[in-house]
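Structure assessment
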2 protein chains.
Amino acid sequence: MRLDHIGIAVHSIEKALKTYQSGLGLSLSDIVTIEHQKVRVAVMPLGESSIELLEPTDPISPIRKFLDKRGEGIHHLCFKVSNLAEKLKELKGTGLQILDSIPCQGLENRKIAFLHPKSAHGVLIELVEEEL
Amino acid sequence: MRLDHIGIAVHSIEKALKTYQSGLGLSLSDIVTIEHQKVRVAVMPLGESSIELLEPTDPISPIRKFLDKRGEGIHHLCFKVSNLAEKLKELKGTGLQILDSIPCQGLENRKIAFLHPKSAHGVLIELVEEEL
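The present account deals with the structure reproduced in this document. (Residues numbered from 1 in each chain as written. Chains lettered and ligands numbered in written order. Predicted model: local features only at pLDDT ≥ 70, side-chain atom pairs only at ≥ 80, totals over all residues. Heavy atoms only, no water.)

Details of a positive patch on the surface
- On the surface, A:Lys69, A:Arg70, A:Lys118, B:Lys69, B:Arg70 and B:Lys118 cluster together into a positively charged patch.
- Every element with two or more residues in the positive patch is listed here: helix H2 (62–70) of chain A together with helix H2 (62–70) of chain B.
- Along the chain, the position of A:Lys69 falls in helix H2. (Patch = residues over 30% accessible without salt bridge, like charges linked within 9 Å, V, L, I, M, F, W, Y side chains within 5 Å. Areas by Shrake-Rupley, 256 points an atom, 1.4 Å probe, with all protein chains shown as cover. Salt bridge = Lys/Arg side-chain N within 4 Å of Asp/Glu carboxyl O. Lys, Arg positive; Asp, Glu negative; His and termini not counted. Charge placed at Lys NZ, Arg CZ, Asp CG, Glu CD. Helix = DSSP H or I, 4+ residues; strand = E, 2+ residues; numbered from the N terminus.)

Structure, rendered in structure tokens:
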């Protein structure tokens, strides 16, 4: 198991970049919009993983709802798996609740699925199929 | 900049380990108590970084306060720096607010300092001096 990225919900990518670039010294590799998830994503490589700053692009964005409820902060952890469909099968019966029983599409059209934070000690977990 | 670990606040390390070991397939390398921080820590390696499950050992533990206020979930991100005292000097004027102007001791007596989440878009950031 490897960490793919840490998702951080922010009101403004531009404002948050000042903190993460000038303050912490991270670099920005890309900013992309995932239309169907209503989110704009700034990717900052961090060793073998990355930090993704997540900004809502629409009032119905899940990130907008998170910001309204909890304010800015860490939104989710994403782990790489070699075969997502198989991993989701394995998870049945472990107590971890799968939010997406059929993998959906994330950044760069990678297959992703989320696990419910209530079943994972308050942590929203994303699983992404690793590109070989 | 590299990620050292992700700290996750939990009520019970034993219960949370079931999720992270049986469910996600992570392995446990160690469980230690940091007396002065009133916290018990389960370390699970995750590639070049790790996940630390944090359980309060005392009602005055900062982790106890976090759990009472927010419930279980991600508590902080810790980044490795080569020279902590120098990094703290560099941070002055960047807007990032240092909670520990003099580095204190973390796990394995490593030098650590925390930055205020209000100055870092809702993320509690720990910096740790990397052992060379």
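Alright, that's what it looks like, and here's the rest.
Structural notes on the side chain of B:Ser49
- On the secondary structure map, B:Ser49 appears in strand S4 (residues 49–56).
- Excluding residues that lie within four positions of it along the chain, B:Ser49 makes contacts with B:Leu3, B:Asp4 and B:His5. (Contact = heavy atoms within 4.5 Å.)

Considerations on the interface of chain B and chain A
- Facing 36 residues of chain B, the contacting portion of chain A comprises 36 residues.
- For the pair chain B and chain A, the summed buried area comes to about 3,000 Å², and 68% of that belongs to carbon and sulfur atoms.
- Area buried by chain B at its contact with chain A is led by B:Leu24, B:Ile74 and B:His121, which between them contribute 24% of it.
- Counting the contacts that link chain B with chain A gives 0 salt bridges.
- Inspection of the region where chain B meets chain A yields 7 residue pairs in polar contact (both at pLDDT 80 or more).
- Of all the secondary structure elements, the ones that give two or more residues to the side of chain B that touches chain A are strand S1 (2–9), helix H1 (13–23), strand S5 (73–81), helix H3 (84–91) and strand S8 (125–129) of chain B. (Buried area = accessible area lost by both parts, 1.4 Å probe. Polar contact = N/O pair within 3.5 Å; in protein donor to acceptor, adjacent residues only side chain to side chain.)

Digging into the layout of surface pockets
Residues and elements named next belong to chain B.
- Roughly 270 Å³ of volume is contained in the second largest pocket.
- Contributing elements (two or more residues each) for the lining of the second largest pocket: strand S2 (30–34) and S4.
- Top contributing element to the lining of the second largest pocket by residue count: S2, with 4 residues.
- Looking at the lining of the second largest pocket residue by residue, the class counts come to 4 nonpolar, 6 polar and 7 charged. (1 Å grid on protein atoms, 1.4 Å probe; cavity = no way out; pocket = protein on both sides within 12 Å on 5 of 7 lines; lining within 4 Å. Points joined across faces, edges and corners; volume = space filled by probe spheres on them. Nonpolar A, V, L, I, M, F, W, Y, C, P; charged D, E, K, R; others polar.)

Brief notes about empty space enclosed by the protein
- The full count for this structure, using the stated rule, is 1 cavity of 30 Å³ or more.
- Looking at the largest cavity, its volume works out to about 30 Å³.
- In terms of lining, the largest cavity is formed by A:Leu3, A:Leu46, A:Glu48, A:Ser49, B:Leu3, B:Leu46, B:Glu48 and B:Ser49.
- Looking at the lining of the largest cavity, its residues break down into 4 nonpolar, 2 polar and 2 charged.

Section: the environment of A:Cys78
Residues and elements named next belong to chain A.
- Within the secondary structure layout, cysteine 78 lies in strand S5 (residues 73–81).
- The class of cysteine 78 is buried, set by a relative accessible area of 0%.
- Each C-alpha atom, one on cysteine 78 and one on alanine 113, is 9.5 Å from the other, the two residues being 35 residues apart in sequence.
- Contact partners of cysteine 78, with chain neighbours within four places excluded, come to Arg2, Leu3, Asp4, His5, Glu126, Leu127 and Val128. (Buried < 20%, exposed > 50% of the residue type's maximum accessible area, 1.4 Å probe, protein only.)

Quick word on the relation of the copies chain B and chain A
- It takes a turn of 180 degrees to lay chain B on chain A, together with a shift of 0.0 Å along the axis; the resulting RMSD is 0.0 Å. Here the transformation between the copies is reduced to the relation of a two-fold axis. (Least-squares fit on C-alpha atoms with pLDDT ≥ 70 in both.)

Structural notes on helix H1 (residues 13–23) of chain A
- Listing the buried residues of H1(A) in full gives A:Ile13, A:Ala16, A:Leu17, A:Thr19, A:Tyr20 and A:Gly23.
- Next to the buried residues of H1(A) lie strand S1 (2–9), strand S2 (30–34), strand S3 (39–46) and strand S4 (49–56) of chain A together with H3 and S8 of chain B.
- Positive phi appears at A:Gly25, one or two residues downstream of H1(A), with a value of about 85 degrees.

Points about the sheet that holds S4(B)
All names here are of chain B.
- With mixed pairing, the 8 strands of this open sheet are ordered in space as S2-S3-S4-S1-S5-S8-S7-S6. Every interior strand has two partners, whereas the edge strands, S2 and strand S6 (104–105), have only one.
- Here S1 runs beside S5; their pairing, made up of 7 bridges, is antiparallel. Directly across from isoleucine 8, in S5, lies its bridge partner isoleucine 74.
- In the packing of H2 onto the sheet, the strands contacted are S1, strand S3 (39–46), S4 and S5, and the crossing angle to S4 comes to about 85 degrees.
- Strands in contact with H3 are S5, strand S7 (111–115) and S8; relative to S8, the strand with the most contacts, it is inclined by about 140 degrees. (Pairing = 2+ DSSP bridges. Axes fitted to C-alpha atoms, helices over the stretch in contact; angles between N-to-C directions.)

Observations concerning the nonpolar core
- Counting residues in hydrophobic clusters, the biggest one holds 59 residues, and the most contacted among them are A:Leu53 and B:Leu53.
- Ignoring anything within four residues of it in the chain, the contact list for A:Leu53 reads A:Ile8, A:Val10, A:Ile13, A:Ala16, A:Leu17, A:Tyr20, A:Arg40, A:Val41, A:Ala42 and A:Met44. (Core = buried A, V, L, I, M, F, W, Y, C linked by side-chain atoms within 4.5 Å.)

Topic: the pairing of S7(B)
Residues and elements named next belong to chain B.
- Counting buried residues in S7 gives 4 out of 5 residues, a clear majority hidden from the surface.
- Pairing of S6 with S7, which is carried by 2 bridges, proceeds in the antiparallel orientation. The partner of cysteine 104 across the bridge, within S7, is isoleucine 112.
- Taking the residues between adjacent antiparallel strands as the criterion, S6 and S7 are bridged by 5 residues, where glutamate 108 takes a positive phi near 55 degrees.

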